[in-house]
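# Structural overview for review
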Amino acid sequence: MTLDLWLTRIIPDPRHRDARRDIRSAVGLHHRIMMLFPDGLGSEARQQTGALFRLDETPHGHAVLVQSTIAPDATRLDPAYGQVQSKSLRPLLHKMEQGMRVQYRLTANATRKLGHNTTAGRPRQVVPLHGADAEDWWERQAATSGLTLSSVSSARLDDAHGERASDKRSITHARTRFDGTALITDPDALITRLAAGIGRGKAYGCGLLSIAPAR
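Because the structure is predicted, anything quoted here is derived from the model rather than measured.

Extensive coverage of helix α2 (residues 26–34) is indicated by the burial of eight of its nine residues. All buried positions along α2 are accounted for by Ala 26, Val 27, Gly 28, Leu 29, His 30, Arg 32, Ile 33 and Met 34.

This is the structure we're talking about:
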């Protein structure tokens, strides 16, 4: 499959006011990330760029991983905002093959839609999943993404939240981080899902699946 994906790592400087504010707001961070791409892309800019992001906490502070289908332009961010490094994922995509063992990380909005006979809420209401239910959700998602999970651990994270400037609507997405190892069963299906993202809340820090050859 011919597809180029770019991975960008941003290390926000906690001394920078905008960086501190973005870390607290998934909406603000979404808008900051979209600054890496050309103007004039319209209302579907995220889909056109394939932009997905994940906010990770490291021993040294926060890191933002951004994946996109077009190369980002780091010069569009204030240099004082933080460190920015980008690389093409094409070598990794070309290396993937059936039976390959990989490590993965996914932060996702694991959910289910209630049925008409539910007593747990409103019919068709989307409710977040946690713990074993969230892990079951990820196992089903992985199976349709060309992966068979060998191991999985999950951790409930703080919700992604913020307020949209356009309509003042509050955005909230429950987040669960999944880590583990898996076997690739369908490389083409995996590449398709890597590019598309997994689950809901893709504009607000959910859905970015990262993989690397297992050690």
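Now that the structure is up, let's keep going.
This part is about the pairing of strand β1 (residues 6–12). As paired strands, β1 and strand β3 (residues 61–68) are joined by five bridges and run antiparallel to one another. For Arg 9, the partnering residue across the bridge sits in β3 and is Leu 65.

Strand order in the open sheet formed by four strands is β2-β3-β1-β4, with antiparallel pairing between adjacent strands. Because the sheet does not close on itself, it has two edges, and the strands there are β2 (52–58) and β4 (82–88). Neighbour-to-neighbour, the strand axes of this sheet turn through a mean angle of 20°, independent of strand direction. In the sheet, β1 pairs with β4 via seven bridges, with the strands oriented antiparallel. Looking at β4, one finds that Trp 6 is bridged to Ser 88. Its contacts with the sheet place α2 against β2 and β3, and it is angled at close to 120° to β2.

So, on to helix α5 (residues 131–143). Along its 13 residues, α5 runs 19 Å from first to last C-alpha, staying within 8% of the 18 Å computed at 1.5 Å per residue. Among all positions in α5, only Ala 134, Trp 137, Trp 138, Gln 141 and Ala 142 are buried. Buried residues of α5, seen end-on, are gathered within an arc of 135° and therefore sit on one face of the element. Relative to its buried face, α5 has exposed residues pointing more than 90 degrees away, namely Ala 132, Arg 140 and Ala 143. Contacts made by the buried residues of α5 are with β5 (101–108), β6 (111–113), β8 (147–149), β10 (170–184), α6 (187–196) and β11 (208–213).

Reading the values: the criteria
- Residues numbered from 1 in each chain as written.
- Predicted model: local features only at pLDDT ≥ 70, side-chain atom pairs only at ≥ 80, totals over all residues.
- Heavy atoms only, no water.
- Buried < 20%, exposed > 50% of the residue type's maximum accessible area, 1.4 Å probe, protein only.
- Helix = DSSP H or I, 4+ residues; strand = E, 2+ residues; numbered from the N terminus.
- Pairing = 2+ DSSP bridges.
- Axes fitted to C-alpha atoms, helices over the stretch in contact; angles between N-to-C directions.
- Contact = heavy atoms within 4.5 Å.
- Expected span 1.5 Å × (residues − 1).
- Arc of directions from axis to C-beta.

Scope: geometric values only; no functional claims are made or implied.
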